[in-house]
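# Structure assessment
Below are the chains, spelled out letter by letter.
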Amino acid sequence: MSEDSPVDFLRQSFRDLGDQERRQHRELQVNSRRSTLGELQNIQKRAVSSEEVKALADKLKHKSQFTSQDFLGLNNALIQSEENIVAFFKVQGALHALVRELLGQNASLQLAAANCCCNLSLGNEKSCLQLTKAAAPYLLSNLDGLNHHLLEVCTWTLGNLAGCHIKPWEILHSQGLLPKLLQLITSSSSDIIHSVIYALTHYVRIGLNSDNLDLEQQRNIAVSAHNLMERDRSSCWLIYLLSCSGDSDDILLNNSVVVRSLRLLGECNANQDVLIITALVRILGNLSVNSSAAEVILKEPSIVSILCTLLTSPYAHVQRETLWLIGNLVNHPSKEIQYLVTISNIENILEPLLSVALSKVA
């Protein structure tokens, strides 16, 4: 359905997903992290200049002078712009001082320092690499702790760093990020699970895009991740990424990911759940190259209704992804699948909608 090669298409999808997730996470930081630091929800936040950031960063180097209120001001400044993040790193010794607080015994200051790291991890590649080199071992050690707030913030931070570029990813990979995330994936806390899924999604995206995620690692992630589809639907993006390589398709198929994806699609709101719908359609599109998956899709009683809803989606990209899925089904090399397509009469039933959708995405 596209002029791009499959490899180019998937790589661009990886890049788009990463950029979108990081933008969304910046907004999440703005809207939710302040309460962790004790900021009133209705506080009027003024714009903070890079010079003010440098002054705060310089003050941070003097432990006795830096207060919780200073941390609050620094965090608010860092979340405002990438320029402020760059300004912080320009102050010699500031990052070392921040890591010192991350290692401290004062729980509130330790959490404030972790939030600073989280905001810094939304910076550019150079900033993320500096932060990874300085703070990664300590962020990782906090994943073994009992402080759920601190653990959650550190997990978000590590997800941002892993998803920034291959260099930070390689450092985190060598220091054992994946085993720690897989251990946390069984947590009973919804907040922690959500942050772990976020981190794993970025870890897998960069790992696959750089061909650094081996077969065993992919399969271990798939074994753990498929259980989360209904519990936290953001995990569908992680499942989608795993389905791109094909190395864990048997795990996904044996655990009824196709049937579960179809069921979740039937439960989604076409307007409100577009991100999850996109991931689910892509999962089905990738897995439909397997005859067993295509058979399950075509034998689903509600498949025509599901495809009609997708083809009339107000979002052009959902229509495009659906056309790709349908193309995989009707052009399947298996004679058995071709027979199912014929007896289902799916092409004729959908023909009016297919014509309209094709005209829009052409």
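Our structure's up above, just so we're on the same page.
Parameters and conventions
- Residues numbered from 1 in each chain as written.
- Predicted model: local features only at pLDDT ≥ 70, side-chain atom pairs only at ≥ 80, totals over all residues.
- Heavy atoms only, no water.
- Helix = DSSP H or I, 4+ residues; strand = E, 2+ residues; numbered from the N terminus.
- Buried < 20%, exposed > 50% of the residue type's maximum accessible area, 1.4 Å probe, protein only.
- Contact = heavy atoms within 4.5 Å.
- Areas by Shrake-Rupley, 256 points an atom, 1.4 Å probe, with all protein chains shown as cover.
- Phe/Tyr/Trp six-rings, centres within 6.5 Å; stacked < 30°, edge-to-face > 60°.
- Salt bridge = Lys/Arg side-chain N within 4 Å of Asp/Glu carboxyl O.
- Axes fitted to C-alpha atoms, helices over the stretch in contact; angles between N-to-C directions.
- Parallel < 35°, antiparallel > 145°, perpendicular 65-115°, else oblique.
- Left-handed = near helix turned anticlockwise from the far one by under 90°.
- Nonpolar A, V, L, I, M, F, W, Y, C, P; charged D, E, K, R; others polar.

### Focus on the overall build of the protein chain
Scanning the protein chain for helices and strands turns up 21 helices and 0 strands. Burial analysis of the protein chain (362 residues in total) assigns 52% to the buried set. A separation threshold of at least 6 residues defines the contact pool for the protein chain, and within that pool the share at least 24 residues apart is 74%. Within the structure as shown, the protein chain displays about 16,200 Å² of accessible surface, and the carbon and sulfur contribution to it stands at 50%.

### Here we look at the environment of S127
The residue S127 is located in helix α7 (residues 125-141) in this model. The buried category is assigned to S127, whose relative accessible area is 4%. Taking the C-alpha atoms as reference, S127 lies 9.8 Å from C164; in sequence the two are 37 residues apart.

### What about the packing of aromatic side chains?
Scanning all chains against the criterion turns up 5 aromatic pairs. Summarising the aromatic geometry, the rings of W156 and Y198 are spaced 4.4 Å apart at their centres and angled 55 degrees between planes, so their arrangement reads as tilted. Here Y198 lies in helix α11 (residues 190-209) and W156 lies in helix α8 (residues 148-162), a separation of 42 residues in the sequence. Side by side, W156 and Y198 carry an identical accessibility label, which is buried. Ring geometry for W237 against Y240: centres 5.7 Å apart, planes inclined by 85 degrees, an arrangement best described as edge-to-face. In this pair, W237 and Y240 are both assigned in helix α13 (residues 235-245), 3 residues apart and thus about one turn of the helix distant. Like W237, the residue Y240 is buried in the burial classification.

### Re the pattern of salt bridges
A complete count under the given rule lists 12 salt bridges for this structure. K54 is the salt-bridge partner of E51, the closest N and O atoms lying 3.7 Å from each other. Here E51 pairs with K54, and both are found in helix α2 (residues 50-60), just 3 residues apart, close to one helical turn. Among the salt bridges present, the one from D144 reaches K180, with a minimum N-O distance of 2.6 Å. Of this pair, D144 sits in the loop between α7 and α8 while K180 is found in helix α10 (residues 177-184), placing the two residues 36 residues apart along the sequence. Each member of the salt-bridge network shares a partner with another, and the members are K63, R100 and E101.

### Topic: the environment of K360
Tracing the backbone through its elements, the reader meets K360 in helix α21 (residues 346-361). On a C-alpha basis, the gap between K360 and R320 in space is 8.8 Å, while along the polypeptide they are 40 residues apart.

### Concerning the packing of α8 against α11
Two quantities define a packed helix pair, namely the angle between the helix axes and the distance between the axes. At a closest axis distance of 8 Å, the pairing of α8 and α11 adopts a crossing angle of 15 degrees. Accordingly, the angle class assigned to the pair α8 and α11 is roughly parallel. Here the hand of the crossing between α8 and α11 comes out left-handed. Contact residues: α8 offers H148, L151, E152, T155, W156, G159, N160 and A162, while α11 offers D191, I192, H194, S195, V196, Y198, A199, H202, Y203 and I206. Each residue belonging to the contact of α8 with α11 can be placed in one class, and the counts come to 9 nonpolar, 7 polar and 2 charged.

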